[in-house]
Amino acid sequence: FAILCLIAPLAPHPGYGVPLTVGGYTAAALTTAGLIAAFVTYPETSLIRRLFQNKILIFYGKYSYSLYLFHMPAAVILLDLLWHTGERGWYMYILYAVASITVTTVIAFLSWHLIEKHILSLKKYFEYS
């Protein structure tokens, strides 16, 4: 799965029917299912469960929905801004990647604390059956 993650960005979109990319999505789904099974069945002190209790993973898990919502608008706007500078090369690609991750994370953090947290606090007023 890790190898597929590294080479999948080099392959075309799965709509083109490339087996490598399609296999990558299948591998991702199977890996995710395996991790869920491990989290449910392994003891809390196991290496796999301790590995996924990392504070960075927990942070990004908490804000993952907002990250999902805002990553494309942030990436497209930053790409446009950086493209118009006229600068090209690997350093601009690194700058773009770091800026995209940083801006998206800040927007997701603000969105969660300014909007989502308050909406989630309303759950106590609704009964679930």
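The following refers to the structure shown. Everything numeric here is computed off the predicted structure, so don't read it as measured data. (Residues numbered from 1 in each chain as written. Predicted model: local features only at pLDDT ≥ 70, side-chain atom pairs only at ≥ 80, totals over all residues. Heavy atoms only, no water.)

Each helix and strand in the protein was counted, giving six helices and zero strands. Helices and strands in the protein line up, N terminus first, as α-α-α-α-α-α. A total of 129 residues make up the protein; the buried ones form 17% of that total. By sequence separation, contacts in the protein at least 24 residues apart represent 42% of the contacts at least 6 residues apart. Working note: accessible area of the protein is about 10200 Å², and carbon and sulfur atoms make up 74% of it. (Helix = DSSP H or I, 4+ residues; strand = E, 2+ residues; numbered from the N terminus. Buried < 20%, exposed > 50% of the residue type's maximum accessible area, 1.4 Å probe, protein only. Contact = heavy atoms within 4.5 Å. Areas by Shrake-Rupley, 256 points an atom, 1.4 Å probe, with all protein chains shown as cover.)

A grouping of Ile 56, Phe 59, Tyr 60, Ile 101, Val 106, Phe 109, Leu 110, Leu 114, Ile 115 and Ile 119 is seen on the molecular surface, where their side chains present a nonpolar patch of about 940 Å² in accessible area. Elements that contribute at least two residues to the nonpolar patch include exactly helix H4 (55–62) and helix H6 (90–120). The greatest single-element share of the nonpolar patch, amounting to seven residues, is contributed by H6. The topology assignment puts Tyr 60 in helix H4. (Patch = residues over 30% accessible without salt bridge, like charges linked within 9 Å, V, L, I, M, F, W, Y side chains within 5 Å. Salt bridge = Lys/Arg side-chain N within 4 Å of Asp/Glu carboxyl O.)

Before going further, it helps to spend a moment on the packing of helix H5 (residues 64–83) against H6. Two numbers describe how H5 lies on H6: the axes approach to 8 Å, and their chain directions differ by 140°. The angle between H5 and H6 falls in the class oblique. Seen along the crossing, H5 lies across H6 with a hand that is right-handed. (Axes fitted to C-alpha atoms, helices over the stretch in contact; angles between N-to-C directions. Parallel < 35°, antiparallel > 145°, perpendicular 65-115°, else oblique. Left-handed = near helix turned anticlockwise from the far one by under 90°.)

A few words now on the layout of surface pockets. Space inside the largest pocket adds up to approximately 180 Å³. Elements that contribute at least two residues to the lining of the largest pocket include exactly H5 and H6. (1 Å grid on protein atoms, 1.4 Å probe; cavity = no way out; pocket = protein on both sides within 12 Å on 5 of 7 lines; lining within 4 Å. Points joined across faces, edges and corners; volume = space filled by probe spheres on them.)

So, about the environment of Thr 41. Examined against the element boundaries, Thr 41 turns out to sit in helix H2 (residues 19–41). Polar contacts involving the side chain of Thr 41 include one to the main-chain carbonyl oxygen of Ala 37, which spans 2.7 Å. (Polar contact = N/O pair within 3.5 Å; in protein donor to acceptor, adjacent residues only side chain to side chain.)

Turning to the packing of H4 against H6, a few remarks are in order. Viewed as axis vectors pointing N to C, H4 and H6 meet at an angle of 65°, and their least axial separation amounts to 10 Å. Contact with H4, carried on its side by Phe 59, Tyr 60 and Lys 62, involves Ile 101, Thr 105, Phe 109 and Trp 112 of H6 and no other residues of that element.

Attention shifts here to H5. With 20 residues, H5 should reach 28 Å at 1.5 Å per residue; the first-to-last C-alpha distance of 27 Å fits that figure. Where H5 bends most, at Phe 70, the angle is about 40°, and the proline Pro 73 comes one to four residues later. Restricting attention to buried positions, one finds in H5 the residues Ser 66, Leu 67, Ala 74, Ala 75, Leu 78 and Leu 82. Residues of H5 that are buried sit in contact with H4 and H6. (Expected span 1.5 Å × (residues − 1). Bend = angle between axes of the 7 residues up to and from the residue.)

Here the focus is H6. Since there are 3.6 residues in each turn of an α-helix, residues three or four apart along the chain are aligned in direction. Across its 31 residues, H6 extends 42 Å between first and last C-alpha, which sits within 8% of the 45 Å expected from 1.5 Å per residue. The complete set of buried residues in H6 reads Met 92, Ala 99, Ser 100, Thr 104, Thr 105, Ala 108, Ser 111, Trp 112 and Glu 116. Each element contacted by the buried residues of H6 is listed here: H4 and H5.

With respect to the helices and strands, Val 106 occurs in helix H6. Relative accessible area serves as the criterion here: at 43%, Val 106 is assigned to the partly exposed category. Residues Val 106 and Tyr 63, spaced 43 residues apart in sequence, show a C-alpha to C-alpha distance of 10.0 Å.

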